[in-house]
Amino acid sequence: MSKNQLEGKRLLVVGAGGFIGGFICREGLARGMKVTAAVRESTSRRYLDDARLEFLVLDYDDPSQMEKAIGDATAWDYVIYNLGATKAATFPEFNLVNFEYLRRFVEILKKTDHVPAGFLFMSSLSAIGPGDEKNYTPLSASTPPNPNTRYGLSKIKAEQYLEFQSGIPYIIFRPTGVYGPHEKDYLMMIKSIDSHFDFGVGYRPQMLTFIYVDDLVSAMFDALASGITGKKYIISEERSYTQKEFRKIVADELGVKWVIPVKLPMWAVWCASFVAEKIGHFRARPSTLNRDKFKIMRQRNWNADVSDARRDFGFTTRFPLREGIRQTVRAYRGEKL
């Protein structure tokens, strides 16, 4: 299937209210698709303001409500499943959102005869876990998964459900760190550098990879248009960066003349993560800094092999890190005004 054959097709975006979801909906509309945004009743629609969008309200904790809402809707040709939790206090919370909600949703699609021609699931590079931190061999589709975080475990569980139990035509994306306008975690790093400080973790070399949100979203639609199913793909800019390179690019785009790099020892970051996580438990609200996040920050090798995606559906990036940061900083500056 060529890219223009997506025109006129019906697309459901699950988790449309998240950072990436708004970009998915926008790209679907740009490709001439009839796009439905699946959201909770409480979901902000700030970035879902295109009048062409249709909405499907789902309560993921109420399977009967989901079944009626999905069953009453016209079936979709494609589903992009972007719903997920990146922060949670416990593994059961990650498991509920990242695995159980997916399982419920897929089973309801089958029960209501709404199985699409293509179902793209947004997983994470964290589903693979730490790779070779001696020779820095890139993570690839053939790297045996060994997730060491609660988040990664919940994602690999969801992947295995799709692969071995779901019976639907799936594609799995494992993106590296996704950044762009409206994203919050990398925005914290940009704000820190804007304040002349750059906080790094650990003293061993760390290779970082990134994917700008527009490049990730374009890859989703190219993969669906290819007609390929039953495959997993790592999605990343092909080159990696050191923290120093990242800092310089951000500082240049911000126009910041000097930045003080601050290296934090692992033990100090672990202590801060432990305390922040406990405070989050006390407040019944997951903390951005926690022991799961510590394990991700500790990982040294985020090199990524994207040759499978390049071969199967022509994956390429239009936004190298400098251009992606330029776009992100522009949005950051605009929101400050």
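Residues numbered from 1 in each chain as written. Predicted model: local features only at pLDDT ≥ 70, side-chain atom pairs only at ≥ 80, totals over all residues. Heavy atoms only, no water.

Q: How should I be thinking about helix H8 (residues 266-283) in this particular structure?
A: What sets the pattern is the α-helix's 3.6 residues per turn: residues three or four places apart point alike. End to end, H8 covers 26 Å across 18 residues, agreeing with the expected 26 Å (1.5 Å per residue, within 8%). Looking at H8, one finds that the buried residues are Val269, Ser273, Ala276, Glu277 and Gly280. The arc enclosing the buried residues of H8, seen along the axis, measures out at 105°, which places them on a common side. In H8, the exposed positions angled more than 90 degrees off the buried face are occupied by Trp267 and Phe282. (Helix = DSSP H or I, 4+ residues; strand = E, 2+ residues; numbered from the N terminus. Expected span 1.5 Å × (residues − 1). Buried < 20%, exposed > 50% of the residue type's maximum accessible area, 1.4 Å probe, protein only. Arc of directions from axis to C-beta.)

Q: Sorry, what's going on with the packing of aromatic side chains here?
A: Each pair of aromatic rings is reported with the distance of its centres and the angle of its planes. Scanning the model with the defined rule gives 19 aromatic pairs in all. With centroids separated by 6.4 Å and ring planes inclined at 85°, the aromatic side chains of Phe173 and Tyr233 adopt a geometry described as edge-to-face. Within this pair, whereas Phe173 is found in strand S6 (residues 170-175), its partner Tyr233 is found in strand S10 (residues 231-235), the two being separated by 60 residues in sequence. Through successive ring pairs, a cluster of aromatic residues spans Tyr179, Tyr186, Phe210, Tyr212, Tyr241, Phe246 and Phe319. (Phe/Tyr/Trp six-rings, centres within 6.5 Å; stacked < 30°, edge-to-face > 60°.)

Q: Is there a simple way to explain the nonpolar core in this structure?
A: What tends to happen in soluble globular proteins is that the nonpolar side chains get buried as a cluster. Counting residues in hydrophobic clusters, the biggest one holds 65 residues, and the most contacted among them are Phe173, Met220 and Ile235. In contact with Phe173, other than residues within four places in its own chain, are Leu120, Phe121, Met122, Ser123, Ser124, Leu216, Ala219, Met220, Ala223, Tyr233, Ile235 and Phe313. One finds Leu12, Leu58, Leu83 and Tyr161 within the second-largest nonpolar core, a separate group that totals 33 residues. (Core = buried A, V, L, I, M, F, W, Y, C linked by side-chain atoms within 4.5 Å. Contact = heavy atoms within 4.5 Å.)

Q: Teacher, can you tell me more about helix H3 (residues 91-111) here?
A: In this model, H3 (21 residues) spans 28 Å end to end at C-alpha, consistent with the 30 Å of a helix rising 1.5 Å per residue. Trailing H3 by a residue or two, Asp113 shows a phi angle of about 60°, which is positive.

Q: Can you help me understand the pattern of salt bridges in this one?
A: Close approach of charged atoms allows side chains with opposite charge to pair. Summed over the entire model, instances satisfying the criterion amount to 26 salt bridges. In this structure, the salt-bridge partner of Arg247 is Asp198, at a minimum N-O distance of 2.8 Å. Here Asp198 lies in strand S8 (residues 197-201) and Arg247 lies in helix H7 (residues 243-254), a separation of 49 residues in the sequence. Three or more residues joined by partner-sharing salt bridges are found here, namely Lys248, Asp252, Glu253, Arg322, Glu323 and Arg326. (Salt bridge = Lys/Arg side-chain N within 4 Å of Asp/Glu carboxyl O.)

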